[in-house]
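Next come the chains, spelled out residue by residue.
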Amino acid sequence: MRTIAIVNQKGGCGKTTVSINLAACLAQENRRVLLVDMDPQGHCALGLAVPDEQIEFSVADVLLQDHPNGPVEIDQAIWQIANHFDLLPASIGLVRLETVLANAENRDLYLRHALRSVEAQYDFCIIDCPPHVGLLTYNALQASQEAIIPVETGYFSLYGLEQQVQTIEDLNHRTNRDVEIRVLANSYDVRTKLAREILNEMRRLHEKYMLRSYINFNTKLKEGASIGQPITEYDPASMGCRDFVRLARELIEMEKRPVVHEDLLRRAELLAARAEVLLASRPVLVPAGKNGKNGMRDNGNGSGNGHATRETSMEGSRSEPRSGTKTVAPPAPAKPVMSPPRSTEKAPLSHDLIEKKINEIYGVKSVPGGVELHTNMPGAQEVLVAGDFNNWCPKDTPMTKQSGNGHFMTRLNLTKGRYSYRLVVDGRWTRDPYNPRIERNEFGEINSVVEIS
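Residues numbered from 1 in each chain as written. Predicted model: local features only at pLDDT ≥ 70, side-chain atom pairs only at ≥ 80, totals over all residues. Heavy atoms only, no water.

**Re the nonpolar core**
So the rule is basically this: To define a nonpolar core, start from buried Ala, Val, Leu, Ile, Met, Phe, Trp, Tyr and Cys residues and group those joined through side-chain atoms within 4.5 Å. Relative accessible area decides the class of each residue, using a 1.4 Å probe on protein chains only: under 20% of the type maximum gives buried, over 50% gives exposed, and in between gives partly exposed. Here, two residues are considered to be in contact whenever any of their heavy atoms come within 4.5 Å of each other.
One finds L34, V36, V59, L111, L115 and I127 to be the most contacted residues of the largest nonpolar core, which totals 54 residues. Ignoring sequence-local partners within four residues, the contact set of I127 consists of T3, I4, A5, I6, V36, M38, L111, L115, A140, A143 and S144. Core analysis: the second largest hydrophobic core is formed by 35 residues, V18, A23, I148 and A248 among them.

**Concerning the pattern of salt bridges**
Rules: Salt bridge, as used here: a side-chain nitrogen of Lys or Arg that lies within 4 Å of a carboxyl oxygen of Asp or Glu. To qualify as a helix, a DSSP run of H or I must reach at least 4 residues; to qualify as a strand, a run of E must reach at least 2; elements of each kind are numbered from the N terminus.
With the rule as written, the count across this model stands at 14 salt bridges. Its salt-bridge partner being E223, residue K220 comes within 3.8 Å of it at the nearest N-O pair. In this pair, K220 and E223 are both assigned in helix α10 (residues 219-226), three residues apart and thus about one turn of the helix distant. The class for K220 is partly exposed, based on a relative accessible area of 29%. One network of salt bridges, with partners in common, ties together R2, E146 and R182.

**Remarks on the pairing of strand β8 (residues 210-216)**
Basically, it comes down to this: The rule for pairing is simple: two strands pair if DSSP sees at least two bridges between them. Handedness of a crossover is defined as follows: with both strands directed away from the viewer, a clockwise route from the first strand across the helix to the second makes it right-handed.
With six of seven residues buried, β8 lies mostly within the body of the structure. Across three bridges, the pairing between strand β7 (residues 180-188) and β8 is parallel. Residue pairing across strands places Y188 opposite N216, the latter belonging to β8. Crossover β7 to β8 through helix α9 (residues 193-205) is right-handed.

**Looking at the sheet that holds strand β12 (residues 370-376)**
Neighbouring strands of a sheet are bound in pairs by backbone hydrogen bonds; such pairs are parallel or else antiparallel. Across the sheet, four strands lie side by side as β11-β12-β15-β14; this open sheet has antiparallel pairing. At either end of the open sheet lies a strand with only one pairing partner, and these are β11 (363-367) and β14 (400-401). As defined by bridge partners, β11 adjoins β12 across five bridges and the pair is classed as antiparallel. In the sheet register, S366 faces β12, and the bridge partner there is V371.

**Observations concerning unusual backbone geometry**
Even without a glycine there, the phi angle at N30 is positive, about 65 degrees. For N30, the location among the structural elements is in the loop between α1 (15-28) and β2 (33-37). Of the residues examined, N30 reaches a relative accessible area of 57% and is grouped as exposed. The phi dihedral of W392 falls on the positive side, at around 60 degrees, and the residue is not glycine. Its place among the elements puts W392 in the loop between β13 (383-387) and β14. Residue class for W392 comes out partly exposed when judged on its relative accessible area of 33%.

**Focus on helix α7 (residues 135-142)**
Across the eight residues of α7, seven count as buried, placing the element largely inside the fold. All of the buried residues in α7 are L135, L136, T137, N139, A140, L141 and Q142.

**Focus: the sheet that holds strand β5 (residues 124-128)**
Selection criterion: Lines fitted to C-alpha atoms define the axes here, with helix axes fitted over just the stretch in contact, and angles between the N-to-C directions of these axes take values from 0 to 180 degrees.
Across the sheet, which stays open at both edges, the eight strands sit in the order β3-β4-β2-β5-β1-β6-β7-β8 with mixed pairing between neighbours. Either end of the sheet is taken by a strand with one partner, and the two such strands are β3 (79-82) and β8. The sheet shows a mean angle of 25 degrees between the axes of neighbouring strands, taken without regard to direction. In the packing of helix α12 (residues 239-253) onto the sheet, contacts are made with β1 (2-6), β5, β6 (146-152), β7 and β8, and the angle to β8 comes to roughly 165 degrees.

**Concerning the environment of S144**
Basically, it comes down to this: Any pair of nitrogen or oxygen atoms within 3.5 Å is treated as a polar contact; in protein, a donor-acceptor pairing is required on top of that, and neighbouring residues in sequence qualify only through side-chain atoms on both sides.
With respect to the helices and strands, S144 occurs in the loop between α7 and β6. A polar contact of 2.6 Å, which involves the side chain of S144, links it to the backbone oxygen of A140.

As structure tokens, then:
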């Protein structure tokens, strides 16, 4: 079960709206989803039209285990909302959690332990967190592999983002965990200059955390919440629904493997490529007498016409010289020689030469009728290409793996013109690291560019 906390210590940034509609869209994509409400206000139940007076058990009863009728199992508190979509509601009783568990051992692991009993029943668990940093939020983060921070495109929200990212990084350091941070631009109003500038600033400061998807400002989302319906039911044709479907699909694309940050990926690519070039250029050591014939030392071309080697007697014995000849010292043991023979003054490969050889292998290659793209992505299972030549649909242009060392290649049949594209490496969108021609798109992301003349 993939567990994602929706977290931001700033209130009013749309955490509950994101939690409800993301869960509904994941369920619509045939993923089994459990939505857990960790906010004592219980707005998830309110936004899904679950009557408060009919909630007998809540997440507070599951965690505190102090219900008058005895321990409560998590299955007893779960409500079915729709097909593939369940809810574990909250109640005001959650406010007692920090007081009751103040001196408890591992008090921030209670939710993680509770979810273990149902992890086989769901593909995703979405946790709606309260608008403050405390024991409830730490329980949610300790139970999660990922954290989505919804941020409105306003100045104060941008300031709060810095604090939230630092909080999660501190938690990772303190607990030796690696909760993956994802930033979601929410309530984005493209009509305002401020919103556009804030979004670009978010992408500049937190590019490695930013999700490609963002949620446009849409009144349909608030209208749906007011009558207790997720956007998939209230208005599936609305912009708000399309935005959340795009977000759900982006997260599903990431399921294959953990995301590698772009800077680390680039470093791994260069190291692997340099190792490949150095390995190909390494001289081979051949012991004397191994490859030649009749005890002859191979001279590097396989002919065996080098000097003959003499066998020496055991240590301590000497050979008797023939009459009339001078005594000579026995020859020293043969040393390995480098084969094939190279210049004795050969210098190690320079950094510039390594880079030149890498560029000869990878990058954009002109071919009749278009170009070939070659890239090196060590450890990648799938590399796709999305661009304006295929309507930005990566599934239409997969790259073929050439060998086990991460070399991927594809051919693009292109006519004369200028094209923008990006690579999709196991669900992660990135520019082509071996194409120096780049441009920034309208979302502040970096595209690679290829031009056919």
